[in-house]
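Read off the chains here:
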Amino acid sequence: MSSIHTSSVSPHMSITFCGGTGSVTGANFLFEIDTSAYSKNKSFKILVDCGLEQGSEAAEKFNQQPFSYIPASIDVLLVTHAHADHIGRIPKLVKDGFRGRIYSTPATRDLAEVMLADAVHLLTEESGHLHKPALYEETDVQTAFSLWHTIPYYTPTDIGGCVSMIAKDSGHILGAAMYELHVGTNVCPTLGAFTPKTGGTVPTAQKKYGETVIVFTGDLGNSPALFLRDTDSIAGADYLVMESVYGDRNHESKEKRRAELAAVITDTARRNRTLIIPAFSLERTQDILFEMNELERAGKIPSIPIYIDSPLAQKVTDIYRRYSDSYNDRAKKLLAAGDKDIFAVPKLTRIENNRESERVDSFPNPKIIMAGSGMSVGGRIIRHEQHFLPDRNTTLLLVGYQALGTLGRALEEGVPEVTIAGERVPVRAEIKTILGYSSHKDSDHLVEFVSGAASTLKKVFVAMGEPKSELFLAQRIHDYLGVNAVVPKLGDTSTLS
Ligand SMILES: [Zn+2]
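Residues numbered from 1 in each chain as written. Predicted model: local features only at pLDDT ≥ 70, side-chain atom pairs only at ≥ 80, totals over all residues.

Remarks on the overall build of the protein chain
Going by this rule: Only DSSP runs of H or I with at least four residues qualify as helices, and only runs of E with at least two residues qualify as strands; both kinds are numbered from the N terminus onward. For a compact globule the rule gives 2.2 Å times the number of residues to the power 0.38, and the radius of gyration it is set against comes from C-alpha atoms. A residue is called partly exposed when the number of other C-beta atoms within 10 Å of its own lies between 12 and 20, exposed at 12 or fewer, and buried at 20 or more, with C-beta atoms placed from the backbone. Residues are defined as contacting one another if the C-beta atoms placed from their backbone atoms lie within 7 Å.
Looking only at helices and strands, the protein chain features 14 helices and 23 strands. Since a compact globule built from 497 residues should have a radius of gyration of about 23 Å, the 23 Å found for the protein chain is in line with a globular shape. Principal-axis analysis of the C-alpha atoms gives the protein chain an extent of 75 × 50 × 40 Å. Residues classed as buried in the protein chain amount to 47% of the 497 residues present. Considering only contacts in the protein chain between residues 6 or more positions apart, those separated by 24 or more positions represent 78%.

Pasting the structure below:
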């Protein structure tokens, strides 16, 4: 073995928080490395995620604004996962001049393809109605995918700028990765044109002498998840940029949410009702299908017809089926026992077009209709709600977070009447909420996650949460683990020693 690498040093580095501070959404972090000592370029710029701000008019204005950096100057974009608040501004980045390399896991690329195709379709429609230019066009999406490279989990890869990157499983949604960046002269490529190299100079995730290790978590999964693997450890990390969506609170137990779901379905069958479930197409639909499949096969709920009325959810579920290598042992055992499809509830029907979608409403009870969007702000769920909310023989089940100002939030709060497509709709259906279906770690588990690297961490940047969550979590990390934890503000730059 050569000993040449043991004399490595880390170059000057900084992180700028360009989005995803004081807010769950809009993740956008700029990591810069001073490479003037090794290369003719003065710095190497890595962007982690380029997400949409969501949930308010101010957020929409923020999305329209120019980026706080020059997109053409970015060398690499790392994409943690395919939720809109992590990928939603990638086509705008491209439209504004970015031509660097994009990296993600293969599953994230496949999911991003269907999510961005859906988003550009909606944006084009909306800009037509409002007579204003769209945030980006179809061609920008195409260009983004021409720049996209995929790297499987656990494959050390030199990405330039003295950085070797490893994607670890964050356990959040299919394909979701945390990026562990090993920075040091021992991973410096030779000067000149850089060619991406997989399986490069850092053969394992082991930190080498003189290296600095920075981890960007993206979103962290609610492990143990139903069918996805647990979140990996980040032992040895020096710096951490982490999410904090549930930084200030804990989830209800997984047994309780499962029992609640079983009770609602059993009640639907017993009282011969319609059950409507607004669900996000990515992850929540698959979670509910998996849970129903297991409950039904175990004889814990009656078998009743379920209609998935979301073309996007169907495409996403097909991708989930393809990546069974990302499943945890529980799901793999089901496959090994002969369950060919972990999402195939026995009486499941896919609704393909609008005509079928309308016909479903008149199908006999009991039945379950699941459709997007998860907060009832668009999609086919709206028409079903218009039809079924006045019906006393209907239950509407909320299984996800409902943002302030959405129809879903109004229903959750128990309003007696809503307005849908200009029509006043009385709410006579029973509204139920199950809070426990989250794909994020809660406060206790976020602290436990950080504790795995407490002995080496120099600083933790707590981001991607409401201000209250960020501050609470930073305080807990400091008090319980004795680790320096800070809450960066939008636009802050922090130099890493
Ligand atoms: Zn996410």
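Quick notes on the environment of Pro366
Structurally, Pro366 can be placed in the loop between α10 (354-360) and β16 (367-371). Each C-alpha atom, one on Pro366 and one on Pro346, is 15 Å from the other, the two residues being 20 residues apart in sequence. Here Pro366 is in contact with Thr268, Ala269, Asn272, Arg273 and Ile304, once residues within four sequence places are set aside.

Things to note about the confidence of the model for the protein chain
Quick note on the threshold: One confidence number per residue, pLDDT, is output by the predictor and ranges from 0 to 100.
The predicted model of the protein chain averages 91 in pLDDT, with 93% of residues at 70 or higher. Note on residues 1-7: pLDDT under 50 across the span, and three contacts to partners over four residues away in sequence or across chains. Across residues 189-204 the pLDDT falls below 50, and counting only partners more than four positions away or on other chains, this stretch makes 32 contacts in the model.

Notes on the pairing of strand β21 (residues 459-462)
The cut-off we apply is this: Here the rule is simple: two strands pair whenever DSSP picks up at least two bridges between them. Here is how to tell: hold the view so the strands point away, follow the path from the first strand over the helix to the second, and if it runs clockwise the crossover is right-handed.
In the sheet, strand β12 (residues 239-242) pairs with β21 via four bridges, with the strands oriented parallel. Counted as the bridge partner of Met242 is Val462 from β21. Where β21 meets strand β22 (residues 485-486), two bridges bridge the pair, whose relative direction is parallel. Pairing of Val460 across the sheet is with Ala485, part of β22. Each parallel crossover has a hand, and the one from β21 via helix α14 (residues 467-481) to β22 is right-handed.

Things to note about the nonpolar core
The line we're drawing: We call a set of buried Ala, Val, Leu, Ile, Met, Phe, Trp, Tyr and Cys residues a nonpolar core when their C-beta atoms link them within 7 Å. Domain start and end points were adopted from an automatic or database domain assignment.
Among the nonpolar cores identified, the biggest contains 129 residues, and Phe29, Tyr179, Leu240 and Val460 are the most heavily contacted of them. Ranked by the residues each element gives to this core, the list is headed by helix α4 (residues 106-130), at seven residues. Mapping this core onto the domain boundaries places at least three of its residues in each of domain 1 (4-249 + 439-496) and domain 2 (254-433).

Remarks on the domain arrangement of the protein chain
The condition that has to hold: Gly counts as polar in this scheme, as do all residues outside two lists: the nonpolar Ala, Val, Leu, Ile, Met, Phe, Trp, Tyr, Cys and Pro, and the charged Asp, Glu, Lys and Arg.
Domain parsing of the protein chain yields domain 1 (4-249 + 439-496) and domain 2 (254-433). Just the C-alpha atoms count here: the centres of domain 1 and domain 2 sit 32 Å apart. Residue-level contacts link 18 residues of domain 1 with 18 residues of domain 2. Residues belonging to the side of domain 1 that touches domain 2 are distributed by class as follows: twelve nonpolar, three polar and three charged.

A look at the sheet that holds strand β13 (residues 274-278)
Note: strands within a sheet are paired through backbone hydrogen bonds, in either parallel or antiparallel orientation. Heads up, the rule is: Only the contacting stretch of a helix is used when fitting its axis, a line to C-alpha atoms as for every element, and angles between N-to-C directions run 0 to 180 degrees.
With respect to topology, six strands assemble into an open sheet ordered β15-β14-β16-β13-β17-β20, the strand pairing being parallel. Only two strands of the sheet have a single partner each, and these edge strands are β15 (348-350) and β20 (430-433). Across the sheet, the mean angle from the axis of one strand to that of its neighbour is 20 degrees, orientation sign disregarded. Taken together, the three bridges between β13 and strand β17 (residues 394-398) define a ladder with parallel strand orientation. Bridging across to β17, Ile276 finds its partner in Leu396. Along the sheet, helix α11 (residues 381-388) makes contact with β13, β16 and β17, crossing β13 at roughly 145 degrees.

A word on the sheet that holds strand β23 (residues 493-496)
Taken in spatial order, the seven strands line up as β6-β5-β4-β3-β2-β1-β23 in an open sheet, and their pairing is mixed. In this open sheet, the two strands that pair with only one neighbour each are β6 (148-150) and β23. The average angle at which neighbouring strand axes cross in this sheet is 25 degrees, direction not considered.

A closer look at unusual backbone geometry
Residue Pro224 follows Ser223 across a cis peptide bond; omega there is -5 degrees. Residue position: Pro224 is located in the loop between β11 (212-216) and β12. The phi dihedral of Cys162 is positive, around 65 degrees, even though this residue is not glycine. Structurally, Cys162 can be placed in the loop between β7 (157-160) and β8 (163-169). You can call Cys162 buried: it has 29 C-beta atoms within 10 Å.

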